[in-house]
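Examination of the molecular architecture
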Amino acid sequence: MDDVCVITGGGSGLGRATARAMGERGYQIVLTGRTPAKLETVVTELRATGVDAEALAGDVADRESMRQLARTAAKRGQVTAVIHAAGMSPHMGDPGVIMATNALGTVNVNDAFYEVMDARGCVIDTSSMSAYLTPKIVMPTHVYPLSRTDRSRFMRGMMRRVHLFPRTVRTGVAYGISKHFVIWFARTDAARFGARGVRVVSVTPGSFDTPMGDLESEESMTYVRNSAIKRLGRPEEIAHLYAAAADERMGYLTGTDILCDGGCVAGGASPFRRRGGTG
Ligand SMILES: NC(=O)c1ccc[n+]([C@@H]2O[C@H](COP(=O)([O-])OP(=O)(O)OC[C@H]3O[C@@H](n4cnc5c(N)ncnc54)[C@H](OP(=O)(O)O)[C@@H]3O)[C@@H](O)[C@H]2O)c1
């Protein structure tokens, strides 16, 4: 099989578990993230199980870096799966960096791979439950289309909305808005990719046991109480969802979001029942 699967954020958490799941299915794996040491650990792990894997350090917020990643992946074979799992949570940076990584990063990944994807392929972007839980009135949806025409105005518009909120909750607001944008972008990008026979979906994790999840542990435990399944998700439980959605036998699945949250949103979770923003 010379199908190539690219995984952003593949050095840890959900991306790492998904690399294993896609490797088991016979894909060659190309991982990216900003920290080479983390990526190399995963590459070594994958190779030890017979999976053909390579790492290329990169930053999803940097458009040229994602173009380079796409070129590198395309040289290895047919790129049929892009799992875009890289992201930053409210505890990981300032609001502008969170927005650039999560929102602009998704635009950069989709645009870069639009050029190289094989017709049987699937792009999967990653949102967050906070996109469902943050009140809709917070979302600057009128700004979202600018992501395709004017990136500077897009970022200014997104950050203008974030700055309407008190400083103490801005990282959470930036996270919620950026992840709501991811769902919108994947949904509307499906038509562009569909013309080339490629599918685009988003996957929305609830509270998962990962390095990022650890930073959100207090909030996560509040959410677990609202869930149908009273524990955190295990990374491999969503890894197999990514793998199933990417499978070409799921050829009619596109332009939609898949929520995998242990029944938390259905259980009526609310960001107002906990401290520290909407992340
Ligand atoms: N875990 C949860 O409970 C949860 C809940 C909702 C949504 N999510 C979403 O699921 C995705 C995966 O999260 P996770 O829990 O697996 O977190 P994680 O373990 O922190 O993994 C995220 C990965 O993204 C990489 N990354 C961050 N910024 C990047 C950038 N600018 N360019 C390239 N790579 C970057 C990080 O590596 P470097 O720092 O080395 O770049 C890291 O390996 C994220 O998009 C997150 O928002 C997770």
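Criteria and thresholds
- Residues numbered from 1 in each chain as written.
- Predicted model: local features only at pLDDT ≥ 70, side-chain atom pairs only at ≥ 80, totals over all residues.
- Heavy atoms only, no water.
- Pairing = 2+ DSSP bridges.
- Helix = DSSP H or I, 4+ residues; strand = E, 2+ residues; numbered from the N terminus.
- Axes fitted to C-alpha atoms, helices over the stretch in contact; angles between N-to-C directions.
- Contact = heavy atoms within 4.5 Å.
- Core = buried A, V, L, I, M, F, W, Y, C linked by side-chain atoms within 4.5 Å.
- Buried < 20%, exposed > 50% of the residue type's maximum accessible area, 1.4 Å probe, protein only.
- Expected span 1.5 Å × (residues − 1).
- Arc of directions from axis to C-beta.
- Polar contact = N/O pair within 3.5 Å; in protein donor to acceptor, adjacent residues only side chain to side chain.
- Near = heavy atom within 4 Å.
- Areas by Shrake-Rupley, 256 points an atom, 1.4 Å probe, with all protein chains shown as cover.

Quick word on the sheet that holds strand E4 (residues 78–84)
Across the sheet, which stays open at both edges, the 7 strands sit in the order E3-E2-E1-E4-E5-E6-E7 with parallel pairing between neighbours. Every other strand in the sheet has two partners, leaving strand E3 (53–55) and strand E7 (257–260) as the edge strands with one partner each. This sheet shows a mean twist of 20 degrees between the axes of neighbouring strands, independent of strand direction. Relative to E3, strand E2 (residues 28–32) runs parallel, the two being bridged by 3 bridges. What sits directly across from Ile 29, in E3, is Ala 53. Of the strands in this sheet, E2 and E3 touch helix H2 (residues 36–48), which is tilted by about 175 degrees from E3. Across the sheet, helix H3 (residues 63–76) touches strand E1 (3–8), E2, E3 and E4, and the angle it forms with E2 is around 165 degrees.

Observations regarding the nonpolar core
Proteins that are soluble and globular tend to have nonpolar side chains buried together. Counting residues in hydrophobic clusters, the biggest one holds 28 residues, and the most contacted among them are Cys 5, Met 22, Ile 29, Leu 31, Leu 46 and Ile 124. Element by element, the count of residues in this core is highest for helix H10 (residues 235–246), at 5 residues. Setting aside residues no more than four positions away along its own chain, Leu 46 makes contact with Ala 19, Arg 20, Ile 29, Leu 31, Val 51 and Ala 53. Met 139, Tyr 144, Leu 146 and Met 155 belong to the second largest nonpolar core, which has 24 residues in total.

A few points about H3
Along its 14 residues, H3 runs 21 Å from first to last C-alpha, staying within 8% of the 20 Å computed at 1.5 Å per residue. Among the residues making up H3, those that are buried are Ser 65, Met 66, Leu 69, Ala 70, Thr 72 and Ala 73. The buried residues of H3 occupy an angular sector of 165 degrees when projected down its axis, which confines them to one face. Next to the buried residues of H3 lie E1, E2, E3, E4 and helix H4 (95–114). Near the N-terminus of H3, the side chain that reaches the backbone nitrogen of Glu 64, with its oxygen 3.1 Å away, is that of Asp 62.

Quick notes on the site of the ligand
The ligand sits among 30 residues. The nearest are Ser 12, Leu 14, Arg 34, Thr 35 and Thr 210. Measuring from a nitrogen atom of the ligand, one finds a backbone N or O atom of Val 60 at 2.9 Å. Gly 206 is positioned such that a nitrogen or oxygen atom in its backbone is 3.3 Å from an oxygen atom of the ligand. In the complex, the protein chains occlude 94% of the 860 Å² of accessible area that the ligand would expose alone.

Read these as spatial facts, not as claims about activity.
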